Amino acid sequence: MQTNRRPEPPDESGQKRPVRDWLARRRRALLSSALRGAAYATGAGLVGLLFWAIQQGLQE
């Protein structure tokens, strides 16, 4: 008697696997870079806001 078995799902390890492996290895460095970028952006925004406030104060 032959049983009806589901076919095996296709292996997703084709091209996605190297990307996942690379991300797993570089996770800490990527998070560190993202945090550093966010800090620089926040600092630049605050400095820009400070200069804008000074300019508005000088115009009055």
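A brief structural summary. In every chain, residue numbers begin from 1 and rise along the written sequence. With the structure being a predicted model, the display of local features is reserved for residues of pLDDT at least 70 and the display and counting of side-chain atom pairs for 80 or more, all residues being used for whole-chain, interface and lining totals. Side-chain metrics in this entry use all non-hydrogen atoms of the structure; hydrogen atoms and water are not considered.

Points about the overall build of the protein chain
Item 1. Looking only at helices and strands, the protein chain has 1 helix and 0 strands in total.
Item 2. By the burial criterion, 0% of the 60 residues in the protein chain qualify as buried.
Item 3. In this description, accessible areas are obtained by the Shrake-Rupley approach with a 1.4 Å probe, and a residue is regarded as covered only by the protein chains that are shown. Split by element, the accessible area of the protein chain, about 6300 Å² in all, is 58% carbon and sulfur. Helical segments are the DSSP runs of H or I of at least four residues, strand segments are the runs of E of at least two, and each set is numbered from the N terminus. Relative accessible area decides the class of each residue, using a 1.4 Å probe on protein chains only: under 20% of the type maximum gives buried, over 50% gives exposed, and in between gives partly exposed.

Focus: the pattern of salt bridges
Item 1. Throughout this description, the term salt bridge denotes a Lys or Arg side-chain nitrogen within 4 Å of a carboxyl oxygen of Asp or Glu. Throughout the structure, instances matching the rule amount to 1 salt bridge.
Item 2. For R17, the salt bridge identified is with D21, shortest N-O distance 3.6 Å. Pair noted here: R17 and D21 are both in helix α1 (residues 16–59), with a separation of 4 residues, about one helical turn.
Item 3. Residue classification places R17 among the partly exposed positions, given a relative accessible area of 46%.
Item 4. Here D21 falls in the partly exposed class, since its relative accessible area comes to 31%.

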